[in-house]
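Read off the chains here:
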Amino acid sequence: MSEKRLPAVPISDSDRSRFAADIADAVEWLAGFGADESGGVTRLLYGKAWCAAQKALADRMAAGGLSPYYDDCGNLFGRLQGRDPDAAPLLTGSHVDTVVCGGKLDGAYGILAGMIALEFLRDKFGPPLRTIEVVSLCEEEGSRFPLTYWGSGNICGKYDIAAVPPVCDKDGVSLKEAMEAAGFGKGAYRPPRREKLAGFIELHIEQGSVLEREKLSLGIVEGIVGQRRFTVRVGGVANHAGTTPMAGRQDAMAGAAEMISWLEKGALLGGGGLVATTGKLEVLPNVANVIAGEVTFTVDVRDKDEEELDRFCGLFRRAFAEIAARRKLTVGFDEWMNAAPIRMDADMNRTMASICDAHAYAYRTMYSGAGHDAQVFQAVCPTTMLFVPSRAGVSHSPAEYSEPEHLADGIAALAEWLFLYGYKEGFR
Ligand code: GLV
Ligand code: MN
Ligand code: MN
């Protein structure tokens with residue numbers, strides 16, 4: 001049970017209406033960078049729209065009195081300087097990149113909400129005790145390169161721009177080349193690694209339907225599921241679709257189809273919360289009258305429990321190998337992502353619960369089935385996340401939407417949380 005108390009940062013009706021109007025405007029504004037024909041947003045790491053968005057955010061931070069600066073992998077920070085030069089800074093924010101044909105809120109909300117909350121606090125209370133920064137993280141989704149959390153990973157020591165992983169996008173451009181073409185990775189900005197952080201909080205849309213179904217305004221994130229991603233390569237023999245008898249074909253497409261349908265059945269059979277997805281598939285030669293010689297597809301597996309992830313990943317690999325052997329195909333696995341399930345900081349969550357009680361927000365605690373930069377930060381500093389409801393639980397889609405009133409409640413709770421940890425003595 002969280003204790004009852006009055007809000008430390010009273011939010012008037014007019015503050016709340018202003019948050020709602022400001023965030024709705026800001027979200028539309030940022031969605032203009034990378035707006036695509038689907039009605040959604042495509043902002044891929046170091047691409048043209050990505051560069052324009054980071055530059056526009058830097059200008060907007062400067063205009064709002066948050067001193068902007070980049071680090072050398074392209075994370076952008078807006079700094080509100082604290083009075084105590086020795087106190088470790090507090091960070092809030094989210095990622096600026098999107099999936100292909102993504103929504104306007106995933107990532108963007110956490111950055112823009114952080115800017116609104118910080119400017120509100122600065123106007124009301126002046127400079128904080130410890131420095132607070134809002135961060136527009138350069139990459140989280142893994143949409144351009146087969147690699148995720150490049151932004152938070154460089155801050156937290158998971159990656160190092162001095163040893164860029166040798167990965168390429170679909171056009172053969174390497175991560176290093178793309179980074180340098182965007183002006184980063186050449187020592188022009190501060191090194192990304194941060195040794196001393198007081199904490200990180202990420203405000204985000206839920207991307208599921210729990211809060212909406214239960215008519216709640218906010219979700220305090222208890223933990224984030226673990227995630228594994230693989231590329232599976234199935235090799236067969238390309239041949240004529242009309243003259244090759246059905247018996248004895250080495251059809252990579254038919255083999256991949258059997259594997260993908262095994263994946264769905266296998267995950268359903270487990271009966272728990274584990275989810276498994278194939279979202280991407282490439283076929284060679286990809287021609288109507290040729291039996292496929294090679295099929296490459298992705299497997300994304302998530303669960304709260306690391307042992308269950310291990311068990312299922314072992315199971316599907318064995319099942320795919322058996323399918324391949326029976327069909328005289330080859331199969332290879334490249335595991336390119338392995339993020340352990342994590343739990344958020346319990347003290348920070350208790351503080352957030354007391355904030356929700358004080359403001360009378362209807363909330364619950366919950367797990368996140370989506371991956372977030374917060375899971376990378378949690379390894380190096382106390383970290384938490386706060387969710388607002390997503391309409392119909394839709395995300396990674398142009399139909400992604402949250403009510404401005406809910407977005408405003410998230411900003412109000414974030415502002416008070418930042419006030420307690422950033423302005424008050426005694427909080428870490
Ligand atoms: C990121 O949004 C993920 O969970 O895939
Ligand atoms: Mn996402
Ligand atoms: Mn996100």
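So, a few notes on the structure that sits alongside this text.

Each value, and the rule that gives it
Residues numbered from 1 in each chain as written. Chains lettered and ligands numbered in written order. Predicted model: local features only at pLDDT ≥ 70, side-chain atom pairs only at ≥ 80, totals over all residues. Heavy atoms only, no water. Donors = N, O, S within 2.8 Å, 3.2 Å for Na, K, Ca; no water. Helix = DSSP H or I, 4+ residues; strand = E, 2+ residues; numbered from the N terminus. Buried < 20%, exposed > 50% of the residue type's maximum accessible area, 1.4 Å probe, protein only. Expected span 1.5 Å × (residues − 1). Near = heavy atom within 4 Å. Polar contact = N/O pair within 3.5 Å; in protein donor to acceptor, adjacent residues only side chain to side chain. Areas by Shrake-Rupley, 256 points an atom, 1.4 Å probe, with all protein chains shown as cover. Phe/Tyr/Trp six-rings, centres within 6.5 Å; stacked < 30°, edge-to-face > 60°. 1 Å grid on protein atoms, 1.4 Å probe; cavity = no way out; pocket = protein on both sides within 12 Å on 5 of 7 lines; lining within 4 Å. Points joined across faces, edges and corners; volume = space filled by probe spheres on them. Nonpolar A, V, L, I, M, F, W, Y, C, P; charged D, E, K, R; others polar.

Quick look at the coordination of the manganese ion (ligand 3)
Protein coordination at the manganese ion (ligand 3): the donors are His95 (NE2), Asp106 (OD) and His204 (NE2), at 2.0 to 2.2 Å from the metal. Separating the manganese ion (ligand 3) from the manganese ion (ligand 2) is a distance of 3.6 Å, and Asp106 supplies a donor atom to each of them. With His95 in strand E3 (residues 90-95) and His204 in strand E5 (residues 199-205), this pair connects stretches of sequence that are 109 residues apart. A relative accessible area of 0% means that His95 is categorised as buried. Note on His204: relative accessible area 1%, which makes it buried.

Re the coordination of the manganese ion (ligand 2)
Coordination of the manganese ion (ligand 2) by the protein comes from Asp106 (OD), Glu141 (OE), Glu141 (OE) and His396 (NE2), over a distance range of 2.1 to 2.7 Å. Spacing between the donor residues of the manganese ion (ligand 2) along their common chain follows D-x34-E-x254-H.

A word on helix H11 (residues 404-423)
Taking 1.5 Å per residue as the helical rise, H11 with its 20 residues ought to reach 28 Å, and the 27 Å between its terminal C-alpha atoms agrees with that figure. In terms of residue burial, H11 counts as a mostly covered element, since 18 of its 20 residues are buried.

A word on the site of ligand 1
Residues in close proximity to ligand 1 include Glu140, Glu141, Arg229, Arg302, Ala370, Gly371 and His396, which together make up its full environment. Note that an oxygen atom of ligand 1 is positioned 2.7 Å from one of the side-chain N or O atoms of Arg302. Within the side chain of His396, a nitrogen or oxygen atom sits 3.1 Å from an oxygen atom of ligand 1. Within the complex, 93% of the 200 Å² of free accessible area of ligand 1 lies under protein.

Digging into the packing of aromatic side chains
Across all of its chains, the model carries 23 aromatic pairs by this definition. Relative to Tyr189, the ring of Phe184 has its centre 5.3 Å away and its plane inclined at 35°; by these criteria the two rings are tilted. Taking the relative accessible area as the measure of exposure, Phe184 reaches 4% and is therefore buried. On the basis of relative accessible area, Tyr189 is assigned to the partly exposed category, the value being 34%. Members of the aromatic cluster, connected to one another through ring pairs, are Phe230, Trp262, Phe297, Phe312, Phe316, Phe320 and Phe333.

Regarding empty space enclosed by the protein
The full count for this structure, using the stated rule, is one cavity of 30 Å³ or more. Here the largest cavity is characterised by a volume of approximately 30 Å³. Those elements that provide at least two residues to the lining of the largest cavity are helix H7 (252-270) and helix H8 (306-326). For the lining of the largest cavity, the residue count by class is three nonpolar, four polar and two charged.

Some thoughts on unusual backbone geometry
Cis geometry is found at the peptide bond from Leu284 to Pro285, where omega equals 0°. Mapped onto the fold, Pro285 is located in the loop between strand E10 (281-284) and strand E11 (290-291). Phi at Cys101 takes a positive value of approximately 55°, unusual for a residue other than glycine. Here Cys101 is to be found in the loop between E3 and helix H3 (108-125). Residue Gln207 is not a glycine yet carries a positive backbone phi of 70°. Relative to the helices and strands, Gln207 resides in the loop between E5 and helix H6 (210-213).

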